[in-house]
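Breakdown of the fold
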Amino acid sequence: MSATTSVNVRTARRLRAERWYQRPRWRRLAAMVALAVTMTLVTGAQGSHQDLFFALEENLTGVALWVWLALAVAVWAGREFLTPQVASAVSGSRALASGPLGRVREVWRADRRVRFGVLAVAAALAVLVPSGLDRYWQTVLVDQIAIFVLVAVGLNVVIGWAGMLDLGFIAFFAIGAYSAAYWTGALPVQPPMVLNNFAVIPIAVVTCLVAGVLLGAPTLRLRGDYLAIVTLGFHEIVYLSAKNLADYTGGTRGVKVDRFAVDLGFWSYEWGVVDAMPYYYLLLAFVAVVVFLFWRLEHSKVGRAWTAIREDEVAAASTGVDTVRYKLMAFAIGASTSGVAGVAYASKVGYINSENFVILLSVLVLAYVIFGGMGSIPGVLFGAAFLVWLPEALRSLVDPKDRYMYLGGLLVVMMIYRPQGVIPSRRRSRELKLARSGEVEGDGTTEPAGGRLS
Amino acid sequence: MTVDVRKEEGGPRAAADPGDLVLDASGITLRFGGVTSLDGVELGMRRGEILAVIGPNGAGKTSLFNSLTGAYVPQEGRITYRPRAGGEHELRGRKPYRVNRLGVARTFQNIRLFSALTALENVKIAAETRLKAGPVSVMLGLPSARRAERRSDERAHEVLDFVGLAGKLNELAGSLSYGDQRRLEIARALATDPQVLLLDEPAAGTNPTEKLELEELIRRINRELGVSVLLIEHDMRLVMSVADRVMVLNFGRRIAEGTPSAVQQDPAVVQAYLGAPAADAASDDAAPDEGTAPDGTTARGGTEPTDARVPSAREGEDAGTRAARNEQPGEEPK
């Protein structure tokens with residue numbers, strides 16, 4: 001009698017107890033190991049239909065598996081066992097923080113001249129360093145990095161500030177690019193008058209504003225995942241229209257677009273085909289202007305209203321914030337930025353077809369924003385620049401076909417260990433922390449990716 | 001600056017004119033599917049008074065608030081709002097932000113602050129909804145945008161000072177104590193310059209000292225700012241001491257209205273709170289402690305099928321909460 005009772009008690013206790021492998025730390029190890037095996041398989045030898053198990057055998061018996069596993073375990077161990085120590089070292093160095101580190105921060109905060117000085121140095125570096133790169137990297141820098149930084153900064157408004165998940169952002173990029181093609185007379189359909197590429201920019205901005213509002217107005221009553229699906233659909237509509245209305249858009253054959261040129265009568269300049277640097281300076285100026293304007297926006301009434309809507313829409317509305325208007329505004333501002341990037345892209349590359357605007361790009365841009373840190377301009381700049389650079393850098397190191405696998409692996413690790421992004425915004429990381437500790441409900445974009453860090 | 005200090009001598013309490021209704025709702029009926037949450041509720045709120053709404057859990061108090069502020073759209077009824085400046089506005093079917101702009105502000109039962117923002121930013125967001133500055137002027141840093149920024153800053157400081165949070169401007173809303181969070185919510189509502197303030201259980205979860213301070217704050221809001229206050233509260237001591245009049249809801253109906261003492265004696269109220277003799281401890285705990293008990297417990301015969309009705313009323317409340325979560329504010333729950 002008493003024996004069975006004690007057995008039952010023990011069983012109950014055992015059932016209640018968390019198994020060691022259920023603890024977040026070990027679950028993360030399992031995830032990392034699974035990731036390592038997956039990476040081994042997808043980056044290893046290819047299969048063949050004659051020998052179905054060839055790839056499996058080849059990859060799992062090779063040395064690559066062990067390299068990947070060692071890497072995964074190293075990352076896991078470093079993050080799990082070293083971070084607490086680093087963190088305690090950092091917090092133990094509060095003394096340090098109030099000492100020399102604090103001094104630096106004080107100077108940074110107190111003195112405008114210091115901040116401007118640092119900004120000026122950064123700007124000088126941004127202007128000077130690329131001219132030392134070789135031609136290939138200069139092209140990458142302009143055609144991809146600069147363009148997608150611009151797009152990501154625009155998407156950041158929608159997703160990072162207003163908290164709306166947009167999976168079809170490249171649709172606006174496409175609209176911008178096709179606007180450029182149309183108004184410069186490149187499309188099979190002719191415009192009422194042929195304009196200079198620069199003159200197309202405001203037109204593209206307005207077109208994308210309108211497109212953003214047209215997409216937004218009927219869909220903004222949707223939230224989170226539902227909105228994401230609708231934007232996904234919107235992207236497909238734009239993409240398939242570009243592809244199938246070949247008589248109007250050139251379809252997959254594409255059209256040739258004129259490059260940027262200025263002709264003021266007494267002075268004219270043409271952005272050439274070979275040298276990428278003039279485009280780089282132009283785009284750098286675009287990015288600088290947009291970042292400056294958005295930085296102001298973030299720290300203004302508008303930025304605060306977006307934060308309010310993101311955190312608690314009901315409370316925001318009850319406080320007098322016109323939620324629909326602000327959400328539309330976010331859509332429109334983000335879309336128009338993307339439109340500018342589209343014009344720049346079409347005018348730089350000189351040729352667009354529908355396949356330049358596939359859904360993958362929308363997803364990648366979203367990844368740039370999340371990787372860098374939603375809502376944080378420095379984060380998004382870094383995230384976009386780094387993630388566009390990475391596949392290019394991997395091109396010579398690994399099988400080019402596998403490049404995006406590495407990107408995916410990196411994103412998975414990132415979401416496990418640093419879901420707030422590389423350089424998170426202060427507001428956003430606070431929200432994430434509050435959502436994790438269960439104090440507030442996370443929205444679609446602050447929901448923790450699962451498992452809390454011990 | 002624009003805090004309306006209307007310190008009429010004798011206080012607005014004496015001046016509350018029974019004929020001058022600032023909020024006049026009649027026949028509000030709100031249904032969620034088959035559940036009737038509000039059943040022809042009448043509400044007459046005099047200008048400058050503190051009116052308390054009490055009732056057992058699930059009586060429809062919060063649904064009433066949500067109907068008044070546009071979060072729900074009742075299927076029937078009229079809600080007329082008469083601002084000081086004159087004119088009449090129908091609030092039923094208006095979007096929450098429009099209701100707020102007309103001068104009806106509210107707080108929430110389960111505190112809904114912008115937790116990751118500071119106290120100052122929380123209040124600024126509210127103050128800024130009254131200022132004109134579009135995104136373009138902000139981006140270009142036009143003088144008008146700067147002026148608006150400065151004004152909202154001043155206004156927020158002023159309001160936070162008024163509620164006694166001046167020392168906690170830069171603390172995160174989520175890290176404030178419960179009582180301070182309640183006060184911050186009130187500050188946020190006040191920053192929109194309301195003429196009517198709806199407080200939904202402002203004393204819930206606060207300690208006795210904070211309750212006293214809150215009581216004082218409600219009085220000051222009423223007297224110094226001349227704001228009419230509609231108050232949902234379970235703490236009867238607070239209600240009896242602060243309210244000019246009390247309205248009692250039960251099962252979505254108004255069962256009594258009058259001065260606190262009159263309402264306390266009302267047999268219908270006693271029954272609502274204590275139930276029939278078979279009454280259980282499940283009815284509200286705070287209610288019966290002040291003088292109602294002696295005749296209340298034995299007054300009524302057990303004719304009402306209390307037990308059968310309570311759950312349905314609760315379901316109504318739940319449905320309401322759910323609806324609030326899933327729907328856009330201002331969307332019609334039809």
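Residues numbered from 1 in each chain as written. Chains lettered and ligands numbered in written order. Predicted model: local features only at pLDDT ≥ 70, side-chain atom pairs only at ≥ 80, totals over all residues.

The next subject is the overall build of chain B. Of the regular secondary structure elements, chain B holds 13 helices and 10 strands. By residue count, 49% of the 334 residues in chain B fall in the buried class. Of all intrachain contacts in chain B linking residues separated by at least 6 positions in sequence, the fraction that spans at least 24 positions is 72%. (Helix = DSSP H or I, 4+ residues; strand = E, 2+ residues; numbered from the N terminus. Buried ≥ 20, exposed ≤ 12 C-beta atoms within 10 Å, placed from the backbone. Contact = placed C-beta atoms within 7 Å.)

A separate point is the overall build of chain A. Counting secondary structure elements, chain A contains 19 helices and four strands. C-alpha atoms of chain A, sized along the principal axes, occupy 100 × 65 × 50 Å. Classification of the 454 residues of chain A by burial places 39% in the buried group. The contacts in chain A between residues at least 6 apart in sequence include a share of 75% that link residues at least 24 apart.

Now for the sheet that holds strand 3 (residues 50-54) of chain B. Residues and elements named next belong to chain B. The strand order across the open sheet built from six strands is 6-7-8-3-9-10, with neighbouring strands paired in mixed fashion. The open sheet is flanked by strand 6 (104-106) and strand 10 (253-258), the only strands paired with a single partner. When the angles between neighbouring strand axes are averaged without regard to direction, this sheet yields 20°. Against the sheet, helix 8 (residues 208-224) engages strand 3, strand 7 (196-200) and strand 8 (228-232), with an angle of about 150° to strand 8. (Pairing = 2+ DSSP bridges. Axes fitted to C-alpha atoms, helices over the stretch in contact; angles between N-to-C directions.)

Below, the discussion takes up the packing of helix 7 (residues 135-161) of chain A against helix 12 (residues 277-298) of chain A. All names here are of chain A. Two elements in contact, helix 7 and helix 12, have axes separated by 9 Å at closest approach and are oriented at 15°. Viewed along their axes, helix 7 and helix 12 adopt a mutual orientation that is roughly parallel. Considering the relative orientation of helix 7 and helix 12, their crossing is left-handed. Across from Q138, L141, V142, A146, I147, V149, L150, V153, V157 and W161 in helix 7, the residues of helix 12 making contact are M277, Y279, Y280, L283, L284, F286, V287, V290, V291, F294 and E298. When its residues are assigned to classes, the contact of helix 7 with helix 12 shows 19 nonpolar, one polar and one charged. (Parallel < 35°, antiparallel > 145°, perpendicular 65-115°, else oblique. Left-handed = near helix turned anticlockwise from the far one by under 90°. Nonpolar A, V, L, I, M, F, W, Y, C, P; charged D, E, K, R; others polar.)

What follows concerns the environment of V413 of chain A. Within the secondary structure, V413 of chain A sits in helix 18 (residues 403-417). You can call V413 of chain A partly exposed: it has 19 C-beta atoms within 10 Å.

Our focus in this paragraph is the sheet that holds strand 1 (residues 21-32) of chain B. All names here are of chain B. Strand order in the open sheet formed by four strands is 2-1-4-5, and the pairing between neighbours is antiparallel. Of all the strands in the sheet, just strand 2 (35-46) and strand 5 (89-90) have a single pairing partner and so form its edges. Two strands pair when backbone bridges link them, and strand 1 and strand 2 are joined in this way by eight bridges, in the antiparallel orientation. If you follow L21 over to strand 2, its bridge partner there is R46.

Turning next to the domain arrangement of chain B. Considered domain by domain, chain B is made up of domain 1 (11-107 + 196-326) and domain 2 (112-188). It is helix 8 of chain B that provides the largest number of residues to the side of domain 1 of chain B that touches domain 2 of chain B, a total of three residues. (Domains from an automatic or database assignment.)

Next up on the list: the domain arrangement of chain A. Residue and element names in this part refer to chain A. Examined at the domain level, chain A breaks down into domain 1 (23-102) and domain 2 (111-434). Each of domain 1 and domain 2 has a C-alpha centre, and these two points are 31 Å apart. Taken together, the contact between domain 1 and domain 2 spans eight residues of the former and eight residues of the latter. Where the side of domain 1 that touches domain 2 is concerned, the elements lending two or more residues are helix 2 (24-43) and helix 4 (63-92). For the side of domain 1 that touches domain 2, the element with the highest residue contribution is helix 2, accounting for six residues. A class-by-class count of the residues in the side of domain 1 that touches domain 2 yields five nonpolar, one polar and two charged.

Below, the discussion takes up unusual backbone geometry. Residues and elements named next belong to chain B. Of note in this structure, D193 is not a glycine but carries a positive phi near 55°. The residue D193 is located in the loop between helix 7 (178-190) and strand 7 in this model. A positive phi is found at E201, a non-glycine position, where the angle reads about 50°. Relative to the assigned elements, E201 resides in the loop between strand 7 and helix 8. Residue class for E201 comes out buried when judged on the 21 C-beta atoms lying within 10 Å of it.

Each partner contributes to the interface: chain B provides 37 residues, whereas chain A provides 31 residues. Those elements that provide at least two residues to the side of chain B that touches chain A are helix 3 (96-102), helix 4 (119-128), helix 5 (135-140) and helix 6 (143-163) of chain B. Broken down by element, the residue count for the side of chain B that touches chain A peaks at five residues, all from helix 4 of chain B. A breakdown of the residues in the side of chain B that touches chain A according to their chemical character gives 18 nonpolar, 10 polar and nine charged.

Turning our attention to helix 10 (residues 224-244) of chain A. Residues and elements named next belong to chain A. An ideal rise of 1.5 Å per residue puts 30 Å on 21 residues; helix 10 measures up with 30 Å between its terminal C-alpha atoms. Inspection of helix 10 places L227, A228, T231, F234, H235, V238, Y239 and A242 among the buried residues, and these make up the whole buried set. Summarising the axial view, the buried residues of helix 10 lie within an arc of 125°, below the 170-degree limit, and thus occupy one face. Away from its buried face, by an angle of more than 90 degrees, helix 10 presents the exposed residues D225 and L240. Contact partners of the buried residues in helix 10: helix 8 (170-183), helix 9 (197-219), helix 11 (246-249) and helix 16 (359-372). (Expected span 1.5 Å × (residues − 1). Arc of directions from axis to C-beta.)

Another point: the nonpolar core. Residues and elements named next belong to chain A. Counting 190 residues, the largest nonpolar core has L150, A152, A174, A181, A330 and V365 as the members making the most contacts within it. Of all the elements, helix 7 adds the most residues to this core, at 16 residues. Setting aside residues no more than four positions away along its own chain, A181 makes contact with A186, L187, V255, V257, A346 and I352. Core analysis: the next-biggest nonpolar cluster, separate from the first, contains seven residues, M32, L35, A36 and W76 among them. (Core = buried A, V, L, I, M, F, W, Y, C linked by C-beta atoms within 7 Å.)

Right, let's talk about the confidence of the model for chain B for a bit. All names here are of chain B. Predicted confidence across chain B gives a mean pLDDT of 79, with 78% of residues reaching 70 or more. Within the model, the stretch residues 1-14 combines pLDDT values under 50 with 19 contacts to residues more than four positions away or in other chains. In the model, residues 278-334 has pLDDT below 50 throughout and makes 87 contacts with residues more than four positions away in sequence or in other chains. Taken over the whole predicted complex, pTM reads 0.81, whereas the ipTM for its chain interfaces reads 0.79. (pLDDT = per-residue confidence, 0-100.)

Let us look at the pairing of strand 10 of chain B. Residue and element names in this part refer to chain B. Here strand 9 (residues 245-250) runs beside strand 10; their pairing, made up of five bridges, is antiparallel. Each residue of the ladder has a partner; that of M247, found in strand 10, is E257. Hairpin connection between strand 9 and strand 10: a loop of two residues separates the two successive antiparallel strands, and F251 in this loop has a positive phi of roughly 50°.

A few words now on the environment of A315 of chain A. Locating A315 of chain A in the fold gives a position in helix 14 (residues 313-318). Residue classification places A315 of chain A among the buried residues on the basis of 25 C-beta atoms within 10 Å. When near neighbours in sequence (up to four residues on either side) are disregarded, A315 of chain A contacts F108 and R112 of chain B.

On to helix 8 of chain A, then. The terminal C-alpha atoms of helix 8 of chain A, which comprises 14 residues, lie 20 Å apart, in line with the 20 Å expected from a rise of 1.5 Å per residue. Among the residues trailing helix 8 of chain A, G185 of chain A stands out with phi positive, at a value near 80°.

Turning our attention to the confidence of the model for chain A. Of all residues in chain A, 91% have pLDDT values of 70 or greater, and the mean over the chain is 85. Note on residues 442-454 of chain A: pLDDT under 50 across the span, and 32 contacts to partners over four residues away in sequence or across chains.

Residue and element names in this part refer to chain B. Buried residues dominate strand 3, accounting for five of its five residues. With burial as the criterion, each face of strand 3 is covered, one bearing I50, A52 and I54 and the other bearing L51 and V53. Pairing geometry for strand 3 and strand 8, over four bridges, is parallel. Its bridge partner lying in strand 8, V53 is registered against I232. Where strand 3 lies against strand 9, four bridges are found, and the strand directions are parallel. By the bridge assignment for strand 9, V53 is matched with M247.

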